[in-house]
Amino acid sequence: MKTSKFKTTAKCGGCVAKIGETLDKVVARDQWNIDLSTPDRVLTITSDLSDDRVIELVKEAGFKAEKLE
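The structure contained in this document is the topic of the report that follows. Within each chain, residues carry numbers counting from 1 in the order of the written sequence. With the structure being a predicted model, the display of local features is reserved for residues of pLDDT at least 70 and the display and counting of side-chain atom pairs for 80 or more, all residues being used for whole-chain, interface and lining totals. Heavy atoms throughout the structure, all of them, feed into the side-chain values; hydrogens and water do not.

Examining the overall build of the protein chain
Stated precisely, the cut-off is as follows: The numbering of helices and of strands both runs from the N terminus, where a helix is a DSSP run of H or I of at least 4 residues and a strand a run of E of at least 2. With the radius of gyration taken over C-alpha atoms, the globule rule is written as 2.2 Å times the number of residues to the power 0.38. In this scheme, a residue with accessible area under 20% of its type's maximum is buried, one over 50% is exposed, and one in between is partly exposed, where area comes from a 1.4 Å probe on protein chains only. The protein chains shown are the only cover counted for residues, whose accessible areas, like all others here, come from Shrake-Rupley with a 1.4 Å probe. Counted as positive: Lys and Arg. Counted as negative: Asp and Glu, with His and the chain ends omitted from the count. Charge placement uses NZ in Lys and CZ in Arg. For Asp and Glu, CG and CD serve respectively.
The number of helices and strands found in the protein chain is two helices and four strands. Overall, the protein chain shows an N-to-C arrangement of helices and strands of β-α-β-β-α-β. For 69 residues, the compact-globule formula gives about 11 Å, and the C-alpha radius of gyration of the protein chain, at 10 Å, lands near that figure. For the C-alpha atoms alone, the extent of the protein chain along its principal axes is close to 25 × 25 × 20 Å. Relative to its 69 residues, the protein chain shows a buried fraction of 36%. Carbon and sulfur atoms provide 50% of the accessible area of the protein chain, an area that totals close to 4200 Å². In the protein chain, the 12 positive side-chain charges and the 12 negative ones have mean positions that sit 5 Å from each other.

Written as structure tokens, this is what we have:
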């Protein structure tokens, strides 16, 4: 498993919940977090998913995600 960070377009708790509905289908709830207190609203996820798959899942929820280095 690896930990990756992504900049997201989530803006509030409702956005996080919507993204969570999608992420929770493939990873455990305790394996991801979105920090709304940062300007980039960073999604941190620890999983075996590829970065492209994580971005795809966030997109399915109606938001954008961009890999942070």
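There is more to say after this.
Topic: helix H2 (residues 51-60)
Residue pairs spaced three or four apart in an α-helix point in one direction, given the helix's 3.6 residues per turn. Defined as follows: This arc describes the spread of directions from the helix axis toward the C-beta atoms. By definition in these notes, contact holds between two residues if any of their heavy atoms fall within 4.5 Å.
Of the residues making up H2, those classed as buried are Val-54, Leu-57 and Val-58. On an axial view of H2, the arc spanned by its buried residues comes to 100 degrees, and they lie on one face. Structural note: H2 exposes Asp-52, Lys-59 and Glu-60 on the side pointing more than 90 degrees away from its buried face. Residues of H2 that are buried make contact with strand S1 (2-8), helix H1 (13-23), strand S3 (42-47) and strand S4 (65-67). Two residues or fewer past H2, Gly-62 is found with a positive phi of approximately 100 degrees.

Examining the nonpolar core
Under the convention used in this document: To form a nonpolar core, buried Ala, Val, Leu, Ile, Met, Phe, Trp, Tyr and Cys residues must be joined to one another through side-chain atoms within 4.5 Å.
Ile-19, Leu-23, Trp-32, Ile-34, Leu-43 and Ile-45 are the most contacted members of the largest nonpolar core, which totals 18 residues. Residue assignment for this core shows that the elements contributing at least two residues are H1, strand S2 (32-35), S3 and H2. The biggest single contributor to this core is H1, with four residues.

Quick notes on the side chain of Thr-8
Threshold: Counting of polar contacts relies on pairs of N or O atoms within 3.5 Å, with two restrictions inside protein: one atom must be capable of donating a hydrogen and the other of accepting it, and residues adjacent in sequence are counted only when both atoms are side-chain atoms.
Here Thr-8 shows up in strand S1. Within the structure, Thr-8 has its side chain in polar contact with the backbone nitrogen of Ala-10 (distance 3.4 Å). The residues contacting Thr-8, other than those within four sequence positions of it, are Ile-34, Asp-40, Arg-41, Leu-43, Lys-64 and Ala-65.

Side note on the environment of Lys-59
Here Lys-59 lies in helix H2. Looking at Lys-59, the relative accessible area reads 65%, which means it is exposed.

Worth remembering: the numbers are spatial, not functional.
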